[in-house]
2 protein chains.
Amino acid sequence: MAPTIDFWFDFASTYSYPAAMRAEALAEAAGVKLNWRPFLLGPIFVAQGWRDSPFNLYPRKGRYMWRDLERICARENLPLKRPDVFPQNSLLAARCALALDAAGRPAFARAVFAAEFAEGRRIDDPATLAALLAAQDLRESALAEASSERVKQALRAETEEAQRRDLFGAPSFLTQDGELFWGNDRLEAAIAWAAARPPIARLDRPSLRRQR
Amino acid sequence: MAPTIDFWFDFASTYSYPAAMRAEALAEAAGVKLNWRPFLLGPIFVAQGWRDSPFNLYPRKGRYMWRDLERICARENLPLKRPDVFPQNSLLAARCALALDAAGRPAFARAVFAAEFAEGRRIDDPATLAALLAAQDLRESALAEASSERVKQALRAETEEAQRRDLFGAPSFLTQDGELFWGNDRLEAAIAWAAARPPIARLDRPSLRRQR
């Protein structure tokens, strides 16, 4: 049984884009499994008093982030086109991703991120999401299911779990022994951590937290 | 003439500690010169509405930061002892560093960071700073000069320049062509950027900003 990392992302999150594009190859090379978990950062930001992205609330940080993202994407050979609206409403895309099964979720997630940040398209448009599902040969009924009570509740539950697990940003990587790594720039460290030890069935933070 | 990076740090900043300990060896190996520039983050935080460290204002982020720092220090073989007070008042240490000349500043800065984060000592205590100066064979009169109008004004000017250059956190690395890199985890990228091109005498941001 391969060690597994929960890869938490929000489709509105800029740094989740390079992370989503890089994660699978790195994890596979290290023998680590990824569990793709879309969630909403919005409620977590609101809970700490932010009604907008910190990159909009703090313009210096925002200017820096866009330039930093440019450099990262150039280094990783990822196209980057800044969307007109930031942050975008990621609710429908996240629900769509959850309506798909785990096998279809990564390809859909990458397609959404590419539409948003490589092409600068809106991801809150049902027509766009339908086209992405079709282009990836994924179940197009996922779009209708996205509005079902079951899927809405599933996304609420995921977002609540993210909050319970102390997440405060995206992307975040959570190992089975409860180590949290935040940011695209911690992806390699998260994978190395997970690969370095056998998986642990149950989480029991204080006693299992390793010092190394 | 070697390319130069301005290495902006605040003695109160946790991530400035591993950056200060790692910077010289990495820069030297790449043929890059470092210009060590202590400044105060406090006025920049206050200007954006924070009256305390964001790691205290946002407890999730704070808990994460300390654990992340533990992991980074373990990887870099740096001792880490969390000081009782955080953030510490870095004013006197920053003035002392500026009272020294550029040749003495790096050794003093590393000694202050080690006292603070490897030993958990207070760095606002003149006796501690005097002992660090003595232990590094540095000019002990720097401590008295730290309270001179000249040095006070020098630190104010540095902090104003940091603000003008759009800095919003520490450590920050600024290349001669005006590229800003923020965080200990961007040190390598900053050095690679600086090493990749010959130094530019004058800054003229819009036209010199390279796309790569």
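Structure: above.
Caption draft 1: Structural context of the sheet that holds strand β3 (residues 172-175) of chain B. All names here are of chain B. A sheet is described by the order of its strands in space; here four strands give the open sequence β2-β1-β3-β4, paired in mixed fashion. Only two strands of the sheet have a single partner each, and these edge strands are β2 (33-38) and β4 (180-182). If you compare each strand with its neighbour and ignore which way they point, the axes differ by 20° on average. Sheet topology places β3 next to β4; three bridges connect them, and they run antiparallel. Within β4, the position partnered with Phe173 by the bridge is Phe181. Running over the sheet, helix α10 (residues 187-195) touches β1 (4-9), β3 and β4 and is turned about 10° from β3.

Caption draft 2: Layout of the packing of aromatic side chains. Under the criterion given, the structure shown has 38 aromatic pairs over all chains. Geometrically, the ring pair formed by Phe9 of chain B and Trp36 of chain B is edge-to-face, given 5.8 Å between the ring centres and 75° between the ring planes. Of the two residues, Phe9 of chain B sits in strand β1 while Trp36 of chain B sits in strand β2, which places them 27 residues apart along the sequence. Aromatic ring contacts, followed pair by pair, group Phe7, Phe9, Phe11, Trp36, Phe108, Phe113 and Phe173 of chain A into a single cluster. Lying across the ring of Phe181 of chain B, Arg71 of chain A places its NZ or CZ 3.7 Å from the centre.

Caption draft 3: Region of interest: the interface of chain A and chain B. Residue-level contacts link 30 residues of chain A with 30 residues of chain B. Overall, the association of chain A and chain B removes approximately 2800 Å² of surface from exposure, summing both partners, and the carbon and sulfur fraction of that is 46%. When the buried area of chain A at its contact with chain B is split by residue, Arg60, Tyr64 and Arg67 of chain A rank highest and sum to 25% of it. Taken together, the connections running from chain A to chain B amount to 12 salt bridges. Where chain A packs against chain B, one counts 20 residue pairs in polar contact (both at pLDDT 80 or more).

Caption draft 4: Looking closely at helix α5 (residues 91-99) of chain A. Taking burial as the measure, the nine residues of α5 of chain A include eight buried ones, the bulk of the element. Among the residues of α5 of chain A, Leu92, Ala93, Ala94, Arg95, Cys96, Ala97, Leu98 and Ala99 of chain A are the ones counted as buried.

Caption draft 5: Main features of the pattern of salt bridges. Under the defined criterion, the tally for this structure stands at 43 salt bridges over all chains. Between Arg156 of chain A and Glu149 of chain A there is a salt bridge, and its shortest N-O distance comes to 3.2 Å. Note that Arg122 of chain B is salt-bridged to Asp124 of chain B, the shortest N-O span being 2.8 Å. The class of Arg122 of chain B is partly exposed, set by a relative accessible area of 43%.

Caption draft 6: Here's a closer look at the relation of the copies chain A and chain B. When chain A is fitted to chain B, the residual RMSD is 0.0 Å, and the transformation amounts to a turn of 180° plus an axial shift of 0.0 Å. Expressed as an axis order, the relation between the two copies is that of a two-fold axis. Every residue of chain A has its C-alpha some distance from the rotation axis, and the shortest such distance is that of Asp185 of chain A, at 3.8 Å. A share of 100% of interface residues in chain A that are also interface residues in chain B marks the association as one of identical surfaces.

Caption draft 7: Summary view of the pairing of strand β1 (residues 4-9) of chain A. Residue and element names in this part refer to chain A. Of all the six residues making up β1, six are buried; the element is thus mostly covered by neighbouring parts of the structure. Across the two faces of β1 the burial is the same, with Thr4, Asp6 and Trp8 and Ile5, Phe7 and Phe9 all buried. Here β1 pairs with strand β2 (residues 33-38) via six bridges, running parallel. Following the sheet pairing, Ile5 is matched in β2 by Leu34. Both β1 and strand β3 (residues 172-175) contribute to a ladder of four bridges, which runs antiparallel. In the sheet register, Trp8 faces β3, and the bridge partner there is Ser172.

What counts as what
Residues numbered from 1 in each chain as written. Chains lettered and ligands numbered in written order. Predicted model: local features only at pLDDT ≥ 70, side-chain atom pairs only at ≥ 80, totals over all residues. Heavy atoms only, no water. Pairing = 2+ DSSP bridges. Helix = DSSP H or I, 4+ residues; strand = E, 2+ residues; numbered from the N terminus. Axes fitted to C-alpha atoms, helices over the stretch in contact; angles between N-to-C directions. Contact = heavy atoms within 4.5 Å. Phe/Tyr/Trp six-rings, centres within 6.5 Å; stacked < 30°, edge-to-face > 60°. Lys NZ or Arg CZ within 6 Å of the ring centre and 35° of its normal. Buried area = accessible area lost by both parts, 1.4 Å probe. Salt bridge = Lys/Arg side-chain N within 4 Å of Asp/Glu carboxyl O. Polar contact = N/O pair within 3.5 Å; in protein donor to acceptor, adjacent residues only side chain to side chain. Buried < 20%, exposed > 50% of the residue type's maximum accessible area, 1.4 Å probe, protein only. Least-squares fit on C-alpha atoms with pLDDT ≥ 70 in both.

These results come straight from atomic positions and should not be treated as a statement about function.
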